[in-house]
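Understanding the architecture of this molecule
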Amino acid sequence: MNRHHRTDSQLSSNEHKLNFRKSKEACLSYVQDALLQKQWKRAAEFLTCYVESLEKDYSREHISPSEMIWRIGTEILWHHSQSSMKEFNCFIEQMKTLGVKRFLKVCLEHVFHLLCNGQIDEAYQNLSLAESWRFGEQTAIQDKEMKLIQAYRGLLDYYSWSKQKNILLEHGEDGFSDLAVEQEMHGYFRKAAVNLKEIIKIPGVWDIFVKSYVDLLEFYGDHNEAHQVLNEYAYNSKFPANPNAHVYLYQFLKRQGESKKSLISALKILHDIVPSHELMIDFNTMLQKSKKRKKRRLGLEVIFTALDYAGWKENAKAWSCLARQVKQIVISEKHLDWIKQEWSSRKDWWPAFHFSRYLAKRNWQENKSLSYEKALVAGLLLGKDCKYFKYVSHQGCKAQLKRFRMLKKFVNRHTFL
Amino acid sequence: MDEEDTRDFNERCAQCSEVNWGLTDGGGFYCRSCHNVIERTREVVNTDFITNSRVQTISKGSKKQEKSEGGCEWYVCEGFQLVLKKQVEALEALGVHPQMKDEILCNFWRCYLQKSKQAYCKRPAAEAVKTLSVCESSTDVDSDPERPSVLHLLSLSESEGDLQTDCSSFASSVSKVSESTSVYSGSVDGSLYLMKNQKEKLRMTMPMTLSFCYMALLWMREPITLSEFLRFVVEGHIPYLNVFEHFPEKMKLCGLDLKIFCVESWPVYEEVFNKMHELAAYLDLPRFPDITESCFLHPDMLCMKYLMEANLPDELHNWTCRVVKKIGIGEVDFLTLMPGNKSTRKVKYDVLAAAVIIVVLKLLFLLDDRYEWLLSEFAEERNKNNTEGAHYFEFKRWYEVVKHSLDVKQKKLDEERAKYLWRCEKPLFYSVKKKSKVLKRRQMVVNLQNQFGKLSGSVQRAKKPNPSSFQLSWSEENADGSCFHGHSLKGVLQEKCGLLTAMNPDYWLCTVKLCNEKLCGHLAHYREVEFPQSYHFVLGLFSFLLRIQPSYIHDEVCMIEHKLFNKKLYKKLKYNTVLRK
């Protein structure tokens, strides 16, 4: 055994040695622990000792002390019971001077905090100030943050526009017309539109900007532009996949009274990305009614897939969609293979997932319509001897509810099996 | 008396070129060979002499600094002298005898200056220096507004041309300062200081000031161990961190001075200890005053102290004394420092005493994670049944009590380490360019400290607690029986042939073979996993009290064991680790 090489304890245990760096590392971990446990006083206590790090050169470290202090200080001041907004603002102003490379980021986060606190005007002022900031080449480097700042200012302009619009509508109802308000409103529109248009050109997730911009465009009647914007947002592959984009497009088309065909095509991708989306009911409803076989087939797939998700288990509307379609197919005796296809991958687990005896009892107690629809589906797919159907129909007949008797008769006559 | 005052002045006489100075009645210097009287006086160096144009040219030429208002020229050694002065004053305030300041440390320092000046200047015919000892004169450094430079490192008989080139060549080669390429320091010789060839002499550093102090303390045999002294330093009772705060306004500190005087780590026991020994040898000091049995630093005394602090029974003291006697570590010659003697092992009094206690515990309790608990159970039984008579010492209970206290203290210490503040009000900056930035930063730090300090709630930064020699204290008045001093060891002892011996018949050695300390720095290599938990706990306890790594105590334990079992080890030559006593 080579006993002359250094052992672990001699190399690593430096418990009784201490230097500036180690001391601050330890301090930082105490701060972080306190933050995680929401002990704001304790976090403040240790942060007080940590701030000395600002006086030392850490330029080679990954995250500098100034950034740490900004982020941690923000958390503490935001949550600490004795801290006021005034103190918070004062702190942030100091942080702005600390790191020029982070200046716009700090401004932006400050604005978010102000908005959370309901201080819209202050937020707007800060955004304007930040927008006018120039600092040599940093301005170009922080271009992204600048765009965001402009976008949020545009958003606040939209918000002001919206307020003016509401005032105008109220006055309109009363028969007053207010030129000044109208002028102001148009002014906000122009300011907002310019900035919002810019940001949504850049690939990203800009739900709120898109919505606001489209709202503006619709109000002023520029439906083409609005449609264009929404199409870009939903279909441009450079943009990250975003279910909301499709939802917005769909809602827009619906408002515009577009054809079912275009509405259906708008929801297609949504079904692919989020098969459990609530709009799947609308989707299925439209598809069921379609004359095209392919669409009806898709409809069946859509509703089955939606009901694969636990969140839909007790959705009576969804079950009624499925029940309607299955019933229709069984009666017409056409396309039974569709049901077969959909059921083949589900027959092993849907019975336990949806049609257990326990659920039968519960559904019956809580929601009779739900149990009706489910029983119909269960009876058709699993036969009249399945637990769910037996229980519900029995209960229903016992309670002398007409539709349950009809149900029993119907299932006895038909069944997919 | 003449000799003493003129001894350090070795300038050649202008008239006869002899170096043979005497003092007139008026205190002035005169050449004994030719009776030429010069302006130099014993007490105060004439200011004319100082503002000699040659001196000014030299210092101007070497630096690009502009002298700020009120700034004076000062040399690094002056800075250290001031540091030492502050430190020794603090020690005096703690109760150390004033003789340490006025005589001992003073002389050590002067001796050091003499020795090091011989190799300090690059010139072969290095002239010695006349030091204006701050210690001996009552003039406070601060009070004299026209105080000239205290030290004259530069010989005035040599041409200034040489020195200029020396300085400028150093200036261009040193570039530790990140931004500026020009060497910059508030002191006159900052850059010189850092660049000097360190082979022959010991260059003064901040940790070395502590070595100086400790050396003086040891010479005076003051009742303070090195670990205690360093603990006081860390706790702030002895100026060390940010001691430059005490420098007078005129002594501007910047540039390379920061590298010399700024401290950003706690002093390390081994470093201070080793440097002290180096220093003692370097200064050619004679044998230190004897450490006898009545001395605080004697193992018998220190063992008593540590036994109390560790909450162990007083009866154990008999055993520690026996061990000390048996292996001869209580001998005067073993304990007393003989500088320059490379053959004897340097004695760490505190570590030694702690190690003796641990060996005694091993002797009586074995500490193999089984036997001590067994003994404890017996003692517990016996204590339950006999409520009168002496209470038998129960290892288990002791462990629980001490562990609890230790954990609490350790946790507190850990937090203190994290909350340690390193910076002070006096800002430091490398160059004038950086000054405004540094001041701004400082202001911001203070603002933030105030803002978040208020949010810390009622937890205010406690004032420095008074320095205390005992970190753990146990009182017999406590009704909860948490004090073990008076407990009896009867439960682990037996009588054999009229002598009390341990019931424990076994002993395990920490290591069968000692390493060569000179090769790998240690006598043994301690790894927690290789040793019983009880042993680790006991090591940890003393490691905490002395603020040093457990491995250093482990080394001493090994050393003591090898002395104790010397005969058995070398007779048998077996690699069996369990021996019968």
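Residues numbered from 1 in each chain as written. Chains lettered and ligands numbered in written order. Predicted model: local features only at pLDDT ≥ 70, side-chain atom pairs only at ≥ 80, totals over all residues. Heavy atoms only, no water.

1. Brief notes about the overall build of chain B
Within chain B, the regular secondary structure consists of 22 helices and 7 strands. Burial analysis of chain B (581 residues in total) assigns 53% to the buried set. For chain B, the proportion of contacts with a sequence separation of at least 24, taken over those separated by at least 6, is 74%. A total of about 27,800 Å² of accessible surface is found on chain B, and carbon and sulfur atoms cover 50% of it. (Helix = DSSP H or I, 4+ residues; strand = E, 2+ residues; numbered from the N terminus. Buried < 20%, exposed > 50% of the residue type's maximum accessible area, 1.4 Å probe, protein only. Contact = heavy atoms within 4.5 Å. Areas by Shrake-Rupley, 256 points an atom, 1.4 Å probe, with all protein chains shown as cover.)

2. With respect to the overall build of chain A
Tallying secondary structure elements over chain A gives 23 helices and 0 strands in all. A compact globule built from 417 residues would reach a C-alpha radius of gyration of about 22 Å, whereas chain A, at 31 Å, exceeds it by more than 25%. By its C-alpha atoms, chain A is 90 × 85 × 40 Å across when sized along the principal axes. Split into buried and exposed, the 417 residues of chain A put 49% on the buried side. Residue pairs in contact within chain A that sit at least 24 positions apart in sequence constitute 61% of those at least 6 positions apart. The positive charge centre, built from 65 side chains, and the negative charge centre, built from 48, are 13 Å apart in chain A. (Rg over C-alpha atoms; globule rule 2.2 N^0.38 Å. Lys, Arg positive; Asp, Glu negative; His and termini not counted. Charge placed at Lys NZ, Arg CZ, Asp CG, Glu CD.)

3. A word on a positive patch on the surface
A surface patch of like charges, here positive, comprises A:Lys260, A:Lys289, A:Lys317 and A:Arg324. With respect to the helices and strands, the residue A:Lys317 is situated in helix 17 (residues 316–332). (Patch = residues over 30% accessible without salt bridge, like charges linked within 9 Å, V, L, I, M, F, W, Y side chains within 5 Å. Salt bridge = Lys/Arg side-chain N within 4 Å of Asp/Glu carboxyl O.)

4. Thoughts on the pattern of salt bridges
All names here are of chain A. Inspection of every chain in the model, using the stated rule, returns 35 salt bridges over all chains. One salt bridge in this structure joins Asp-308 and Arg-346, with 2.7 Å as the shortest N-O distance. Of this pair, Asp-308 sits in the loop between helix 16 (293–306) and helix 17 while Arg-346 sits in the loop between helix 18 (336–344) and helix 19 (350–354), and the two are 38 residues apart along the sequence. Here Arg-346 falls in the buried class, since its relative accessible area comes to 6%. Connected through shared salt-bridge partners, Glu-67, Arg-71, Arg-102 and Glu-109 make up one network.

5. A word on the packing of helix 15 (residues 280–289) of chain A against helix 17 of chain A
Residue and element names in this part refer to chain A. Running from amino to carboxyl end, helix 15 crosses helix 17 at an angle of 20°, the nearest separation of the two axes being 10 Å. In terms of their interaxial angle, helix 15 and helix 17 are classed as roughly parallel. Judged by the twist between their axes, the crossing of helix 15 over helix 17 is left-handed. Of the residues in helix 17, those in contact with Ile-281, Asn-284, Thr-285 and Gln-288 of helix 15 are Lys-317, Ala-318, Cys-321, Arg-324 and Gln-325. (Axes fitted to C-alpha atoms, helices over the stretch in contact; angles between N-to-C directions. Parallel < 35°, antiparallel > 145°, perpendicular 65-115°, else oblique. Left-handed = near helix turned anticlockwise from the far one by under 90°.)

6. Structural notes on the interface of chain A and chain B
Taken residue by residue, the interface counts 46 residues in chain A and 46 residues in chain B. Counting each side, the surface lost to burial between chain A and chain B is near 4,300 Å², with a carbon and sulfur contribution of 56%. In this assembly, chain A and chain B are joined by 3 salt bridges. Two residues, B:Arg442 and A:Glu55, come together in a salt bridge whose shortest N-O distance is 2.6 Å. Taken together, the links from chain A to chain B amount to 19 residue pairs in polar contact (both at pLDDT 80 or more). Element by element, the count of residues in the side of chain A that touches chain B is highest for helix 3 (residues 40–50) of chain A, at 8 residues. (Buried area = accessible area lost by both parts, 1.4 Å probe. Polar contact = N/O pair within 3.5 Å; in protein donor to acceptor, adjacent residues only side chain to side chain.)

7. Here we look at helix 17 of chain A
Residues and elements named next belong to chain A. Over its 17 residues, helix 17 runs 24 Å from end to end, which matches the ideal 24 Å to within 8%, given 1.5 Å per residue. Taken together, the buried positions of helix 17 are occupied by Ala-318, Trp-319, Ser-320, Cys-321, Leu-322, Ala-323, Gln-325, Val-326, Ile-329 and Val-330. Elements that come into contact with the buried residues of helix 17 comprise helix 15, helix 16, helix 18, helix 19 and helix 21 (368–382). (Expected span 1.5 Å × (residues − 1).)

8. Some details on the packing of aromatic side chains
Given two aromatic rings, their pairing is described by the distance between the two centres and the angle made by the two planes. Evaluated as defined, the whole model comprises 54 aromatic pairs over all chains. Considering the side-chain rings of A:Tyr233 and A:Phe239, the 5.9 Å spacing of their centres and the 85° angle between planes classify their relative orientation as edge-to-face. No difference in accessibility class separates A:Tyr233 from A:Phe239, as the two residues are buried. Between B:Trp109 and B:Phe212, the aromatic rings sit 5.5 Å apart at their centres with planes inclined by 75°, giving edge-to-face as the arrangement. (Phe/Tyr/Trp six-rings, centres within 6.5 Å; stacked < 30°, edge-to-face > 60°.)

9. Observations concerning a nonpolar patch on the surface
A surface patch of nonpolar side chains, about 230 Å² in accessible area, is lined by A:Tyr235, A:Ile269 and A:Ile273. Tracing the sequence through the fold places A:Ile269 in helix 14 (residues 260–273).

10. Regarding the pairing of strand 4 (residues 493–496) of chain B
Residue and element names in this part refer to chain B. Looking at chain direction, strand 4 and strand 5 (residues 499–502) are connected through 4 bridges and run antiparallel. Across the sheet, Leu-493 pairs through a bridge with Ala-502, a residue of strand 5. Linking strand 4 to strand 5, which pair antiparallel, is a turn of 2 residues; within it Cys-497 sits at a positive phi near 50°. (Pairing = 2+ DSSP bridges.)

11. Topic: the UniProt feature "domain: Rrn7/TAF1B C-terminal cyclin" (unreviewed entry) in chain B
If you check UniProt for "domain: Rrn7/TAF1B C-terminal cyclin" (unreviewed entry), the listed places come out as residues 265–455 of chain B in our numbering. Between the first and last C-alpha atoms of residues 265–455 of chain B the distance is 29 Å; the span itself is 63% helix and 0% strand. (UniProt positions renumbered as here; feature names shortened; annotations may be inferred.)

12. Some remarks on the side chain of A:Glu131
All names here are of chain A. Relative to the assigned elements, Glu-131 resides in helix 7 (residues 120–131). Glu-131 sits in the buried class, given a relative accessible area of 16%. Beyond its immediate chain neighbours, meaning those up to four positions away, Glu-131 contacts Met-146, Ile-149, Gln-150 and Arg-153.

13. A few points about the nonpolar core
Side chains of a nonpolar character, in soluble globular proteins, are inclined to be buried together. Within the largest apolar cluster, 143 residues are counted, with the highest numbers of intra-cluster contacts made by B:Tyr112 and B:Phe229. Listed in part, the 133 residues of the second largest apolar core include A:Val31, A:Ile149, A:Cys321 and A:Trp343. (Core = buried A, V, L, I, M, F, W, Y, C linked by side-chain atoms within 4.5 Å.)

14. Points about the packing of helix 2 (residues 20–36) of chain A against helix 17 (residues 395–419) of chain B
A pair of packed helices can be characterised by two numbers: the angle between their axes and the separation between those axes. At a closest axis distance of 7 Å, the pairing of helix 2 of chain A and helix 17 of chain B adopts a crossing angle of 110°. Here helix 17 of chain B runs roughly perpendicular to helix 2 of chain A, going by the angle between their axes. Counted together, A:Ser23, A:Ala26, A:Cys27 and A:Tyr30 of helix 2 of chain A and B:Lys411, B:Asp414, B:Glu415, B:Arg417 and B:Ala418 of helix 17 of chain B form the full contact between these two elements. Grouping the amino acids of the contact of helix 2 of chain A with helix 17 of chain B by side-chain chemistry returns 4 nonpolar, 1 polar and 4 charged. (Nonpolar A, V, L, I, M, F, W, Y, C, P; charged D, E, K, R; others polar.)

15. Section: the confidence of the model for chain B
Residue and element names in this part refer to chain B. Within chain B, residue pLDDT values average 77, and 76% of them lie at 70 or more. A low-confidence stretch, residues 44–68 (pLDDT under 50), is modelled with 32 contacts involving residues beyond four sequence positions or located in other chains. The low-confidence segment residues 118–182, where pLDDT is below 50, has 102 contacts with residues more than four positions distant or belonging to other chains. Both scores are given for the predicted complex: the pTM is 0.75, the ipTM 0.75. (pLDDT = per-residue confidence, 0-100.)

16. Looking at a negative patch on the surface
Residue and element names in this part refer to chain B. A cluster of acidic residues, Asp-314, Glu-315, Glu-476 and Glu-477, forms a negative patch at the surface. With respect to the secondary-structure elements, Asp-314 resides in the loop between helix 12 (299–309) and helix 13 (316–327). Accessibility expressed as a relative area gives 43% for Asp-314, which makes it partly exposed.

17. Considerations on the confidence of the model for chain A
Per-residue confidence for chain A gives a mean pLDDT of 90, with 94% of residues at or over 70. Scored below 50 in pLDDT, residues 1–13 of chain A shows 22 contacts in the model against residues more than four places distant or in partner chains.

18. What to know about helix 6 (residues 103–116) of chain A
Residues and elements named next belong to chain A. Taking 1.5 Å per residue as the helical rise, helix 6 with its 14 residues ought to reach 20 Å, and the 20 Å between its terminal C-alpha atoms agrees with that figure. For helix 6, the full list of buried residues reads Phe-103, Leu-104, Val-106, Cys-107, Leu-108, His-110, Val-111, His-113 and Leu-114. On its buried face, helix 6 is in contact with helix 4 (65–79), helix 5 (85–98), helix 7 and helix 9 (143–174). Just beyond helix 6, the residue with positive phi is Gly-118, at close to 80°.

19. Considering the environment of B:Tyr570
Residue and element names in this part refer to chain B. Among the structural elements, Tyr-570 can be located in helix 22 (residues 566–572). Taking relative accessible area as the criterion, Tyr-570 reaches 55% and is therefore assigned exposed. In this structure, the C-alpha to C-alpha distance between Tyr-570 and Leu-297, residues 273 residues apart in sequence, is 31 Å.

20. Overview of unusual backbone geometry
Despite not being glycine, A:Glu333 has its phi angle at roughly 55°, a positive value. Judged by relative accessible area, A:Glu333 falls into the exposed class, the value being 58%. Here the phi dihedral of B:Asn311 falls at roughly 65°; this positive angle occurs in a residue that is not glycine. Tracing the chain through its elements places B:Asn311 in the loop between helix 12 and helix 13. Judged by its relative accessible area of 0%, B:Asn311 falls in the buried class.

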